Structure formats: C-alpha cells, structure tokens
Amino acid sequence: MAPLDWSQCPAVESVPGKLSGAWVLRGTRMPVSLIFENLESGVSIDDILEWYDGLDREQIKAVIEFAARSLDKEPSYAT
C-alpha cells in the first residue's frame, strides 16, 4: 500500500524543525502516527483528548476520515 499524502489533509502540517518535520495535528506537537498508535491499542478519542492537552476532536476525526477515504481510492499498480 502506498503511503498517504498527508499534504492533502488540512488538519495536519509538517514544519521543518518541529518534531523533525513529522506530520502533526495543525497547531500542535501531536504526531499523526501517535493518534493511530493509540487507537490501535484500544484507546478512545475521549482518552486521547484527556491525555493530550490542546487537541481538538474535529482534528482527530478529520485525520481518521482522511485515512479512511484514502482506502476508497482505486489502487495504482506499477506496470
């Protein structure tokens, strides 16, 4: 599976020098990868919001929805 093009998700940003340029929720230092790691471990969105100050539920939902929509796209295979 090809990696997601996070530059197309308005809820995230990558800033050189901020967490080594990792994709983070816009205006925070929360890496997108940490959202998915927590969810994979069975953590709820409510728990994430409680544990990490300054996060917005809508940002988290936008990241999850962006990832889910990417699964609906037709895969492109190398020929």
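It should be emphasised that the depicted structure is a prediction, and the values quoted were computed from it without experimental measurement.

(A) View of the packing of helix H1 (residues 32–40) against helix H3 (residues 57–70). The contact between H1 and H3 brings their axes to 11 Å, and the two run at 85°. It follows from the interaxial angle that H1 and H3 lie roughly perpendicular. Mapping the contact onto sequence places Val-32, Ile-35, Phe-36 and Leu-39 in H1 and Ile-60, Val-63, Ile-64 and Ala-67 in H3. Grouping the amino acids of the contact of H1 with H3 by side-chain chemistry returns eight nonpolar, no polar and no charged.

(B) Summary view of the packing of aromatic side chains. Under the counting rule described, the total for this entry stands at two aromatic pairs. Measuring from centroid to centroid gives 6.3 Å for Trp-6 and Phe-36, while their planes differ by 45°, and the two rings are tilted. Residue Trp-6 is found in the segment before strand E1 (12–13), and its partner Phe-36 is found in helix H1; the two are separated by 30 residues along the sequence. Here Trp-6 and Phe-66 contribute two aromatic rings whose centre-to-centre distance is 5.0 Å and whose plane-to-plane angle is 40°, an arrangement assigned as tilted. Highlighted residues: Trp-6 in the segment before E1 and Phe-66 in helix H3, separated in sequence by 60 residues. Comparing Trp-6 with Phe-66, the two get one shared label, buried. Of the aromatic side chains, those joined through ring pairs into one cluster are Trp-6, Phe-36 and Phe-66.

(C) Quick peek at the side chain of Glu-13. As for its position among the elements, Glu-13 is in strand E1. Within the local environment of Glu-13, its side chain forms a polar contact with the side chain of Lys-18, the two groups lying 3.1 Å apart. Within polar-contact distance, the side chain of Glu-13 engages the backbone nitrogen of Gly-27 at 2.9 Å.

Parameters and conventions
- The numbers attached to residues start from 1 for each chain and follow its sequence in the written order.
- Per-residue local features of the predicted model are confined to residues with pLDDT of at least 70, and side-chain atom pairs are confined, for both listing and counting, to 80 or more; whole-chain, interface and lining totals are unaffected and use all residues.
- Side-chain calculation: all heavy atoms of the structure are included, whereas hydrogens and water are not.
- To define axes, lines are fitted to C-alpha atoms, for helices over the stretch in contact only, and angles between the resulting N-to-C directions are given on a 0 to 180 degree scale.
- Elements are defined by DSSP. Helices are runs of H or I of four residues or more, strands are runs of E of two residues or more, and each kind is numbered from the N terminus.
- When describing relative orientation, an angle under 35 degrees is termed roughly parallel and one over 145 degrees roughly antiparallel, while 65 to 115 degrees is termed roughly perpendicular and anything else oblique.
- Contacts were defined at the residue level, with two residues in contact if any of their heavy atoms lie within 4.5 Å.
- Charged means Asp, Glu, Lys or Arg here, nonpolar means Ala, Val, Leu, Ile, Met, Phe, Trp, Tyr, Cys or Pro, and polar covers whatever is left, Gly included.
- We call Phe, Tyr and Trp rings a pair once their centres come within 6.5 Å, taking the six-membered ring for Trp, and we label the pair stacked below 30 degrees between planes, edge-to-face above 60, and tilted otherwise.
- Classification of residues uses two cut-offs on accessible area relative to the type maximum, computed with a 1.4 Å probe and protein chains only: under 20% is buried, over 50% is exposed, and between them is partly exposed.
- The definition of a polar contact used here is a pair of N or O atoms within 3.5 Å, where within protein one atom must be able to donate a hydrogen and the other to accept one, and adjacent residues in sequence count solely through side-chain atom pairs.

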